[in-house]
Amino acid sequence: MVNLLDAYAEVVGQDVIDQLHQLAGTLRDKRVVHVNSTRLGGGVAEILEKHVPLLRELGIETHWEVITGNAAFYQCTKSFHNGLQGKTVNMPNDWLRNFEETNAFNAEQLRPILSDADIVFIHDPQPAPLLRYIPERKGKWIWRCHIDINRPNRVIWRYLRGFVAGYDASIFSLAAFVQPLPHAQYLIPPSIDPLSDKNIDLPEHEIDGVCERFGIDRTRPVIVQVSRYDQFKDPVGVIEAYRIAKHFLPDIQLVLAGGSAADDPEGEAVLAEARRAANGDPDVHILLLPPDAHRTINALQRAADLVVQKSLREGFGLTVTEALWKGKPVIGGDTGGIRLQVIDHHTGFLVNTPEGAALRIRYLLHDRHKIEEMGHKAREFVRENFLITRHLREYLTLMVSVLY
Ligand code: UDP
């Protein structure tokens, strides 16, 4: 059998791997189930795809279930997402009825596995009501919120809190997101897998090949933002920043690389808006990638001189970690989880406006030495804090603490 974990010892040291085995030892006879709302696209799916096989290898019986719903369900949950990230949203009663009925239906499907599990992790608001429909549950239920709920729309949060309050614990990515809830709250920032196709070292010829395929000129500066086409990722703001910077650096090129997630109905409209903003500029490459284009994204992040993640709200921002790990300074929106990763003036710059982003682009592209120095710090910062092994350790510790 291939031993997945041994390969990580080369990146983080054998001690870290030994500690994982030790922690997992107490959980060997336990059954753990993760539930979310999409198998492909977005950060949650990205994390679960890596965690589940590693937890299994650690000897813990781990399952990943995905709930299903109709278009109205995803419209409703997208509005929850927007509302929790502070927007005013419309929430007709029939959407809420459909949201609850969809969860009741999924609860019926998942009842055998969920009622019997020792620990159930429910990711984000979409499946949050499942617990209400499985009152006979045996194990501990934990709500894992990946969203920036620093300043949620109060009406939406009050509604969702009604479902979440019954859980045994919840997990947030950073302290600023913690909410008044009648149970223990844990802080666990997400992580990336350094050995995945998204993050593994690539040969130069592969990076060249990807750039050639998309008409990106590697002899000129390249700025990249990788994101779903979502208003909170502010693709139009990135194009504005590029435009301002281009006055001073006429050679620069911008790549917006994104796709849509299966549970995100707003992608097309945001993509169309970005295309309008680009207005046919041949140096703006707006790419629509399939959800499994991991090596392509890896190559684009490596081809970048600088990475931008100009989000207006961000639960964590795995794309930031991915870029930092590749030794790229990140110019990131001064919000949510980006603040944990972009240490201003060290691993990148925090910005609030397109003008601010343009200023930092200009500054860094004029100082290659600075890019290199920040890039080095960025990679080491991720090695210490945001690799999957740290994340697994915290999940294992949490499981031990809720069970014993
Ligand atoms: N991603 C991808 N294809 C895309 C856009 C994003 O594979 O077209 C990946 C990206 O590399 C990252 C994850 O999806 O691993 C996005 O996670 P993040 O936390 O940055 O944002 P979210 O989409 O969860 O809001």
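Note that this is a predicted model, so its numbers are computed, not measured. (Residues numbered from 1 in each chain as written. Predicted model: local features only at pLDDT ≥ 70, side-chain atom pairs only at ≥ 80, totals over all residues. Heavy atoms only, no water.)

Peer 1: Pulling in residues and values, what's your account of the packing of helix 4 (residues 71-84) against helix 5 (residues 93-116)?
Peer 2: Axis separation between helix 4 and helix 5 bottoms out at 9 Å; the angle between their running directions is 110°. In terms of orientation, helix 4 lies roughly perpendicular with respect to helix 5. On the side of helix 4, the interface is formed by Ala72, Phe73, Gln75, Cys76, Thr77, Ser79 and Phe80, while helix 5 contributes Trp95, Leu96, Asn98, Phe99, Thr102 and Asn103. Across the contact of helix 4 with helix 5, the residue classes break down as seven nonpolar, six polar and no charged. (Axes fitted to C-alpha atoms, helices over the stretch in contact; angles between N-to-C directions. Helix = DSSP H or I, 4+ residues; strand = E, 2+ residues; numbered from the N terminus. Parallel < 35°, antiparallel > 145°, perpendicular 65-115°, else oblique. Contact = heavy atoms within 4.5 Å. Nonpolar A, V, L, I, M, F, W, Y, C, P; charged D, E, K, R; others polar.)

Peer 1: Can you break down the packing of helix 5 against helix 7 (residues 154-164) residue by residue, with the values?
Peer 2: Two elements in contact, helix 5 and helix 7, have axes whose closest approach is 13 Å; the angle formed by their N-to-C orientations is 20°. Taken together, helix 5 and helix 7 sit at an angle that is classed as roughly parallel. Here helix 5 runs over helix 7; the crossing is right-handed. For the pair helix 5 and helix 7, the contacting residues are Leu96, Phe99 and Glu100 in the first and Tyr159, Leu160 and Phe163 in the second. Looking at side-chain class alone, the contact of helix 5 with helix 7 contains five nonpolar, no polar and one charged residues. (Left-handed = near helix turned anticlockwise from the far one by under 90°.)

Peer 1: Just give me the short version of the site of the ligand, but keep the residues and values in it.
Peer 2: Around the ligand, the surrounding shell holds 16 residues, and the nearest of these are Gly43, Arg228, Lys233, Gly259 and Glu322. A distance of 2.6 Å separates an oxygen atom of the ligand from a polar atom in the backbone of glycine 259. Secondary structure elements with two or more residues in the shell around the ligand: helix 3 (43-57) and helix 12 (318-325). In terms of residues, the shell around the ligand owes the most to one element, helix 12, which gives three residues. Here the residues of the shell around the ligand are counted per class, giving three nonpolar, seven polar and six charged. (Near = heavy atom within 4 Å. Polar contact = N/O pair within 3.5 Å; in protein donor to acceptor, adjacent residues only side chain to side chain.)

Peer 1: Could you give an account of the sheet that holds strand 4 (residues 140-144), with specific residues and numbers?
Peer 2: Pairing within the open sheet is parallel, and its six strands lie in the order 2-1-3-4-5-6. Both edges of this open sheet fall to strand 2 (61-66) and strand 6 (184-187), since each of them pairs with a single strand only. Each adjacent strand pair in this sheet contributes to an overall mean axis angle of 20°, direction not counted. Where strand 5 (residues 169-172) lies against strand 6, four bridges are found, and the strand directions are parallel. Pairing of isoleucine 171 across the sheet is with tyrosine 186, part of strand 6. Against the sheet, helix 3 contacts strand 1 (31-36), strand 2 and strand 3 (119-123), and its axis sits at roughly 155° relative to strand 2. Sitting on the sheet, helix 5 touches strand 1, strand 2, strand 3 and strand 4, and the angle it makes with strand 1 is about 135°. (Pairing = 2+ DSSP bridges.)

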